[in-house]
Amino acid sequence: RERIRCPPSCGIGACSCRKGIEYVSVNFFALVYLRNLVMPAQNIYEALAHQRAGRLPEAIRIYEAVLAIQPHHAVALHYLGLARYQLGEKQAAEILLAESLRYAPDSANTWSDLGIAKVSLDKFDEAIPCFVEALNRNPKHGDALNNLSITLSRLSRFEDAVQYAEDRKSHV
């Protein structure tokens, strides 16, 4: 073990704060490994800011960089899927959202967003279970309930739409 001092410009770990913080590390590669475990969360916030501001290519670049480090990062997969959806890449969005659910199957938001992607691809029958899963995980998920009702109505299942809304009304 050796005590090292990273120059502020190195971009490793917290060095970007420009305070030249000391780290105890086995070697440079261990430091890079630790940085890769911590940085994705910070990068996700940065990517979300880009996405909300409509700078989708910048957001996508960051999400993909996070996924290069942590390929199973459910949040990065989810928001990358949403960014692709916003660009009109609906099949890519569907794939990414489904992949996100492999690593975070209890995410009501991801289930709901996957349902929306499926509706956009005219896969109404596949979208319904997604909205139901979102509501099972969060009975107060208003978007999932609304989108479920709309999807059932598109399939001319008006009675089901009304019944489901009535059943769920007690949860909201």
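Our structure is the block above this text.
Residues numbered from 1 in each chain as written. Predicted model: local features only at pLDDT ≥ 70, side-chain atom pairs only at ≥ 80, totals over all residues. Heavy atoms only, no water.

Peer 1: Before we move on, could you go through the side chain of Asn-147 and cite the residues and values that matter?
Peer 2: Counting through the fold element by element, Asn-147 comes out in helix H7 (residues 142–154). When near neighbours in sequence (up to four residues on either side) are disregarded, Asn-147 contacts Ser-112, Ile-116 and Phe-131. (Helix = DSSP H or I, 4+ residues; strand = E, 2+ residues; numbered from the N terminus. Contact = heavy atoms within 4.5 Å.)

Peer 1: An account of unusual backbone geometry is needed here, citing residue identities and associated values.
Peer 2: For Asp-122, which is not glycine, the phi dihedral falls at a positive 60°. Along the chain, the position of Asp-122 falls in the loop between helix H5 (108–120) and helix H6 (124–137). Positive phi outside glycine occurs at Ser-156, with the angle close to 60°. Tracing the backbone through its elements, the reader meets Ser-156 in the loop between H7 and helix H8 (158–169).

Peer 1: Tell me about the environment of Leu-97, residues and numbers included.
Peer 2: Looking at where Leu-97 falls in the secondary structure, it is placed in helix H4 (residues 90–103). Counting along the chain gives 17 residues from Leu-97 to Leu-114, while the straight-line C-alpha distance between them is 5.7 Å. Those residues within four positions of Leu-97 in sequence are excluded, and the remaining contacts are His-78, Gly-81, Thr-110, Asp-113, Leu-114 and Ala-117.

Peer 1: Which residues make up the pattern of salt bridges, and what values do they have?
Peer 2: Within the structure shown, the criterion is met by nine salt bridges. Across the salt bridge formed by Glu-89 and Arg-84, the nearest N and O atoms sit 3.1 Å from each other. The closest approach of N and O atoms between Glu-99 and Arg-102, which form a salt bridge, is 3.2 Å. Pair noted here: Glu-99 and Arg-102 are both in helix H4, with a separation of three residues, about one helical turn. Look at Glu-99 and you get partly exposed, because its relative accessible area is 25%. Residue classification places Arg-102 among the exposed residues on the basis of a relative accessible area of 57%. Three or more residues joined by partner-sharing salt bridges are found here, namely Glu-94, Lys-118, Lys-123 and Glu-126. (Salt bridge = Lys/Arg side-chain N within 4 Å of Asp/Glu carboxyl O. Buried < 20%, exposed > 50% of the residue type's maximum accessible area, 1.4 Å probe, protein only.)

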